[in-house]
Amino acid sequence: QVQLVESGGGLVQPGGSLRLSCATSGFSFNMAEMKWYRQIPGKERELVASITERGSWTDYIASLEGRLTISRDSAKNTVTLQMDSLKPEDKAVYYCHAVVLDESMRSTRYWGQGTQVTVSS
């Protein structure tokens, strides 16, 4: 059974930091490109960060670049998103997402349940 379980969300003051984690199981983590999405209230879900299967390449949404760091730990099958200098407009539900490749290079996608991030004084 595939599981992606996010944690680390919560309430933080503007300018603060949060570290989101996604614990995964049920698939080959080393064959998965991992991503973080967010959904701001009233808006569509958007991709904010990606990291390749071996962690050699990362990418970020332009509006957040410099404030996000995505990383992965293959020993623990986890992916993290460090968020710094948070702003009230960063309030959203943040979702972990896996794009898993099989031996035929076909991809299957999985989602976590999301974790709420609220930035407010």
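So, here's what we can say about the structure. (Residues numbered from 1 in each chain as written. Predicted model: local features only at pLDDT ≥ 70, side-chain atom pairs only at ≥ 80, totals over all residues. Heavy atoms only, no water.)

## Some remarks on the overall build of the protein chain
Our working rule: Put simply, DSSP H or I for four residues or longer makes a helix, DSSP E for two residues or longer makes a strand, and each gets a number counted from the N terminus. Radius of gyration: C-alpha atoms only; globule rule: 2.2 Å multiplied by the number of residues to the exponent 0.38. Only heavy atoms matter for contacts: two residues are in contact if any of them lie within 4.5 Å across the pair. Reported accessibility uses the Shrake-Rupley method at a 1.4 Å probe radius. Residues are deemed covered only where the shown protein chains occlude them. We score Asp and Glu as negative and Lys and Arg as positive, and we do not count His or the chain ends. By convention, charge coordinates are those of NZ in Lys, CZ in Arg, CG in Asp, or CD in Glu.
Of the regular secondary structure elements, the protein chain holds zero helices and 11 strands. The order of α-helices and β-strands along the protein chain, N terminus first, is β-β-β-β-β-β-β-β-β-β-β. In summary, the protein chain has a C-alpha radius of gyration of 14 Å against a globular reference of 14 Å for 121 residues, a match within 12%. For the protein chain, restricting intrachain contacts to residue pairs at least 6 apart in sequence, the fraction spanning at least 24 positions comes to 54%. Put simply, the protein chain shows about 6,500 Å² of open surface, and 46% of that area lies on carbon and sulfur atoms. Taking the average location of the 13 positive side-chain charges in the protein chain and that of its 13 negative ones, the two points are 3 Å from each other.

## Observations regarding the pairing of strand 8 (residues 78-83)
Operational definition: Three exposure classes are used, based on accessible area relative to the maximum for each residue type with a 1.4 Å probe and protein chains only: buried under 20%, partly exposed in between, and exposed over 50%. Only strands that DSSP links by at least two bridges are regarded as paired with each other.
Taking burial as the measure, the six residues of strand 8 include six buried ones, the bulk of the element. Taking every second residue as pointing to the same face, both faces of strand 8 are buried, with Thr 78, Thr 80 and Gln 82 on one and Val 79, Leu 81 and Met 83 on the other. By the bridge criterion, six bridges tie strand 3 (residues 18-25) to strand 8 in an arrangement that is antiparallel. By the bridge assignment, Ala 23 is partnered in strand 8 with Thr 78. In this sheet, strand 8 lies alongside strand 7 (residues 68-73) in antiparallel orientation, the contact comprising six bridges. Pairing of Thr 69 across the sheet is with Gln 82, part of strand 8. The turn joining strand 7 and strand 8, which pair antiparallel and follow one another in sequence, is formed by four residues; a positive phi near 55° is taken by Asn 77.

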